[in-house]
Each structure stands twice: as structure tokens, then as C-alpha cells.
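Survey of secondary and tertiary structure
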Amino acid sequence: MKTEKSEALFARAKKVAPGGVHSPVRGFRGVGGTPRFIESAQGSELLDVDGNRYIDFCMSWGPLIFGHQDGDVAEAVKSAMTRGWTYGAAEPYSLELAELMTSHIPWVEKVRFVNSGTEAVMSALRVARAATGRHKVVKFDGCYHGHLDSLLVRAGSGLAEMASPDSAGVPPHVAADTLVVPLNDLDAFRKVMDEHGHEVCVVAIEPLPANNGLLLQTGEFLCEMASITRKHGALLLFDEVISGFRVAFGGMAELTKIKPDLVCYGKIIGGGFPVGAYGGRADLMDLVAPAGPVYQAGTLSGNPVAMSAGIATLKKLLRENPYARLEEKTRVFAERVQKAAQKSAPFPVQVQRFSSLMWTVMGAPKSRDGLARSLPEIPEEQKARFATLFHALLSQGVYLAPSGFEVSFLSTVHTDEQLDRVIAAIEGARYE
Ligand code: PMP
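Below, the structure is looked at part by part. As a convention, each chain's residues are numbered from 1 in the sequence order in which they are written. Totals for whole chains, interfaces and linings use every residue, but because this is a predicted model, local features are given only for residues with pLDDT of at least 70 and side-chain atom pairs only at 80 or more, for both listing and counting. As a rule here, side-chain values cover all heavy atoms of the structure and leave hydrogens and water aside.

Some details on the overall build of the chain
Here a helix means four or more residues in a row that DSSP labels H or I, a strand means two or more in a row labelled E, and each is numbered from the N terminus. Scanning the chain from N- to C-terminus turns up 13 helices and 14 strands. With the radius of gyration taken over C-alpha atoms, the globule rule is written as 2.2 Å times the number of residues to the power 0.38. Taking 22 Å as the expected radius of gyration for a compact globule of 432 residues, we find that the chain reaches 21 Å, a close match to that expectation. Seen through its principal axes, the chain has C-alpha atoms that stretch 55 × 55 × 45 Å. The buried share of the chain, taken over its 432 residues, is 58%. For this analysis, residues touch if any pair of their heavy atoms sits within 4.5 Å. Across the chain, contacts joining residues at least 24 apart in sequence account for 71% of those joining residues at least 6 apart. When the accessible area of the chain is evaluated, it comes to approximately 17900 Å², of which 54% is carbon and sulfur surface. Accessible area is worked out with a 1.4 Å probe on protein chains only. A residue is then buried under 20% of its type maximum, exposed over 50%, and partly exposed in between. All accessible areas in this document rest on Shrake-Rupley with a 1.4 Å probe, and a residue is counted as covered only by the protein chains that are shown.

Quick word on the sheet that holds strand β1 (residues 38-42)
Read from one edge of the open sheet, four strands run β1-β2-β3-β13, paired in mixed fashion. Of all strands in the sheet, those bounded by a partner on one side alone are β1 and β13 (398-399). Pairing between strands is defined by DSSP: at least two bridges between them are needed. In terms of strand pairing, strand β2 (residues 45-48) meets strand β3 (residues 53-56) through three bridges, oriented antiparallel. Pairing of Leu47 across the sheet is with Arg53, part of β3.

Observations concerning the environment of Lys383
Structurally, Lys383 can be placed in helix α12 (residues 382-394). Exposure remark for Lys383: the relative accessible area of 33% places this residue in the partly exposed category. With 257 residues separating them along the chain, Lys383 and Arg126 place their C-alpha atoms 35 Å apart.

Topic: the nonpolar core
In a soluble, globular protein the nonpolar side chains are often hidden away together inside. What is meant by a nonpolar core is a set of buried Ala, Val, Leu, Ile, Met, Phe, Trp, Tyr and Cys residues, joined one to another through side-chain atoms within 4.5 Å. Membership of the largest hydrophobic core comes to 108 residues, with the highest contact counts inside it found for Phe113, Phe140, Met225, Phe245, Tyr265 and Ile269. Setting aside anything within four residues of it in sequence, one finds Tyr265 in contact with Met101, Ile105, Trp107, Val108, Gly117, Ala120, Glu240, Val241, Gly244, Phe245, Gly276 and Ala277. Residues Val121, Val202, Leu237 and Leu262 belong to the second largest nonpolar core, which totals 23 residues.

A look at the pattern of salt bridges
Any carboxyl oxygen of Asp or Glu within 4 Å of a side-chain nitrogen of Lys or Arg constitutes a salt bridge here. For the structure on display, the rule yields 21 salt bridges. Among the salt bridges present, the one from Asp72 reaches Arg319, with a minimum N-O distance of 3.6 Å. Of the two residues, Asp72 sits in helix α2 (residues 71-81) while Arg319 sits in helix α10 (residues 304-320), which places them 247 residues apart along the sequence. Taking relative accessible area as the criterion, Arg319 reaches 53% and is therefore assigned exposed. The shortest N-O distance in the salt bridge between Glu327 and Arg353 comes to 3.0 Å.

Things to note about the site of the ligand
Working definition: residue near molecule or strand if any one of its non-hydrogen atoms lies within 4 Å of it. Around the ligand, the neighbouring residues are Ser116, Gly117, Thr118, Tyr144, His145, Gly146, Glu206, Asn211, Asp239, Val241, Ile242 and Lys267. When the ligand sits alone it has 390 Å² of accessible area, and the protein chains cover 83% of it. All residues other than Ala, Val, Leu, Ile, Met, Phe, Trp, Tyr, Cys, Pro, Asp, Glu, Lys and Arg, Gly among them, are scored as polar; the first ten of these are nonpolar and the last four charged. Within the shell around the ligand, the residues separate by chemical class into three nonpolar, six polar and three charged.

As for the pairing of strand β5 (residues 136-140)
Counting buried positions over the five residues of β5 gives five, a clear majority of the element. Summarising the sheet, β5 and strand β7 (residues 200-205) pair through three bridges and their orientation is parallel. Residue pairing across strands places Lys136 opposite Val200, the latter belonging to β7. Both β5 and strand β6 (residues 178-181) contribute to a ladder of four bridges, which runs parallel.

Re helix α1 (residues 4-16)
A helix's residues, less one, multiplied by 1.5 Å, set its expected span. End to end, α1 covers 19 Å across 13 residues, agreeing with the expected 18 Å (1.5 Å per residue, within 8%). Within α1, the full set of buried residues consists of Ser6, Phe10 and Ala13. With its buried residues spanning 65° around the axis, α1 presents them on a single face. Pointing more than 90 degrees away from the buried face of α1 are the exposed residues Glu4, Lys5, Arg12 and Lys15. At its buried positions, α1 is contacted by β2. Directions pointing from the helix axis toward each C-beta atom define the arc.

Regarding the sheet that holds β6
What holds strands together in a sheet is hydrogen bonding between their backbones, with the strands either parallel or antiparallel. The mixed open sheet is built from seven strands, whose spatial order is β4-β10-β9-β8-β7-β5-β6. The open sheet has two edge strands with one neighbour each: β4 (110-114) and β6. Ignoring strand direction, the axes of neighbouring strands in this sheet form an average angle of 20°. Contacting β4, β5, β7, β8 (235-239), β9 (262-265) and β10 (276-280), helix α4 (residues 117-132) crosses the sheet at an angle of about 165° to β9. Interaxial angles span 0 to 180 degrees and are taken between N-to-C directions of axes, which are lines fitted to C-alpha atoms, for helices over the stretch in contact.

Next comes the structure, spelled out in C-alpha cells:
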């Protein structure tokens, strides 16, 4: 496989951007080697600058549930472009997207659009603090909520592969207001809430933690956690930036029937364009300016092109309801991946899946029920063993997210023939 052009671009990029990239995991630090510079993408395929084609399972980290350049999204965006691409004024497109959400997701009574998942979570925390007059936030060990200071504590995503789980540059007094609890551990959560519950404005969780592997939580844990949160007068924030519109239109809240007070979205809601959203109870959202005293604004918020991409995506999800189909395709594929990986790996392999997300545990999870549900249950060898699998697949034209702590996403356009090729590539992987 030729990589000269990617190598040359990477060398140039390192001179003008930190690590040569504009978001850490793209830099391949977690797997080693040269990041492939992608020139174009179509359907479930990436094409790099050296002419190599890859079956894509990163899928831009989740937004592309219908694949790259979906025809309906493309048409909506092209049509939007003929009307101008930003007005900085009230417009009907964000209204349409907001109504699509509020009419199908009852716990989102009002919504505010922003430009990223990070902004959505950051703003939702501000609302929670204003609403309760309390300052402390509870988050779970390994959940990632974007790069806002206060939640960059024991987070996942790009931090999962760094030596220290915390970022430099976060003031200690900001981190001190964040209480971190292990996932799937009700006793630990109860203890923290018994001690600090009266100071806690919000309990924030990825109900499907998918930024440090796919750490499946039990329904019992999620329900009990929600009820303990309420008992202490704290608000419940579901970060559905990945799971929203991915596992069901209404995300994990729909599947678990747990109604969050506040919920954050990103990724699919923008159809691949930069959109985030926070929403929830009307009385809480009415605290946001200009209705209320919580300031939050954005030059490009509600951008009409991005809104049009989001509208096209959400309408298509409602029209086609692809969830059962996509889940079945992923279920069958995940079983085949597990078997194929087990054939070639000299250690136990465990594929964890939920809906159209999957993650391969490279070793036996250190848990009672055989599934990794919290950080310490991930085998120590995860990073190194995944790097071997990653490069074995990359050389065969399969692009996984370049980190052993990131999940794979299936889309509606991955074909059976492509999935067969992936299985063959996994069987051919060689470990030292
Ligand atoms: N929350 C979750 C659950 C996420 O997965 C992410 C991004 N992967 C974010 C928040 C931050 O979103 P963004 O990268 O758009 O700022």
C-alpha cells in the first residue's frame, strides 16, 4: 500500500498544527504510523491521497448513519446553499429542526442549537447550575462529554490513550467541583450522593458510554442512578451526543424510558455538519437568554446549511426507521467479528455491541459477567493489541477509528460484500 503522499502531508501538517491534526485521535498516536490523509468519501468508503480505498467504520465518529454523501442530505445542502449560508438572524430552518425534535421526543420541550457537542454540554451545565443554585457536577469515570474544563476529568475519547487521564490547563478549582464516580457501581454512586447530593446541580452521564470502549451499563444501574439523582434534588443530564438518533430516534432515553431533565445531542443531528443541541424541560430551557438570565450565544448557531442537513437526516430517520435493520446487520457482523478475531488472536477476544455500535475487547474483561462495564475492567493490553489489529485491517483497506478505546459505527450503506472482506482481513491478522 502506497503512503508517500500521506507521509509528505503529515510532515507538512506537523509544522503548522499541533501533532499535525485538529483533533487528537486522528494523529494515530494510539496505534502508531502515519495518518491517512483522506481526499474524498462516498457511501461507506474513504479514498486517501495515495489512491487507497478503505471501508470506513469510523464514519466521522458517528454522524453518518446513512453514510458519506447521502443523496437526501446532499440535495438539502445544495438547495440551502442557493439561499445563502449564514444570516445571523431568525430563520425558519432551525425552527423546523427544533419542531422535528420536540414533536417526537417528549422530554425535549425546548431546544437550543449550538455548533458542537462540547458547547451543548457546557451550556447545559450552566443551565443546571442556574436552575439549582448548586455548583457540583457528578460525572462517571471514562465518560467523555467534550473538552469543557469542568468535565475534562477522568474522561475518555482521545484522553483514553494518553498517559494521564486529565488535561493540563484545567484549573484545580474548576476540577474540584466535579465529582467522579465509577460506572456501573451503585454503591459508589449512592455514597457520593449521600455525602454531596445537596451540593450537586447535575448528574451527567453518557447513558451508552462509548468514548472509552463501549462500556455497557445495566438497565438497573441507569434506572437506580436516575432515581437516586432525583432523591437528592439534582438534575439528570443525558449526554446523547453519540446515542441520540443512533440507537433510536429518541436515543437511550427512549430505550430505557428514563426521562432526563436535560439532554445533549450532536453528530447525527447535523447530518455531518457542525451542530450540537441542548434541550429538555421548558422551565429549565426558559432560563436561557434571551428568555432568561443564563447567557449563551453563537455567531453561526442555527446555521441554515447545517440545519438543512439535520432536517434531511432526521426526516429520513423518521421515514425509513432503519433501527431494527441496522441493529440486526450489526448483531450478525459482531458475532462474525468475534469468531474471526478469536481464530487469529492468541488471547480471548470479546466484541461488545449495542445497536449499530461495536467495540472489540482485546483480552478477557476483568468482570464478573464477562463484559467490560467500567474502566478497570478493560484489559491492560487493549492499546497494544488493538494497534496490531488496526494495522492488519488498514493494510487490507479497512479503516477503524485509530484507537483501541473508540467504537466502530455501522451505517445503512455498509454492504454484505464489504463486511465479508472485513472478516477475511480479521482472520488474516497476525499477532506477535
Ligand atoms: N459528548 C459525547 C458523548 C461525545 O461522544 C462527544 C464527542 N465525541 C462530545 C460530547 C463532544 O462533542 P464535539 O466533539 O462535537 O464537541
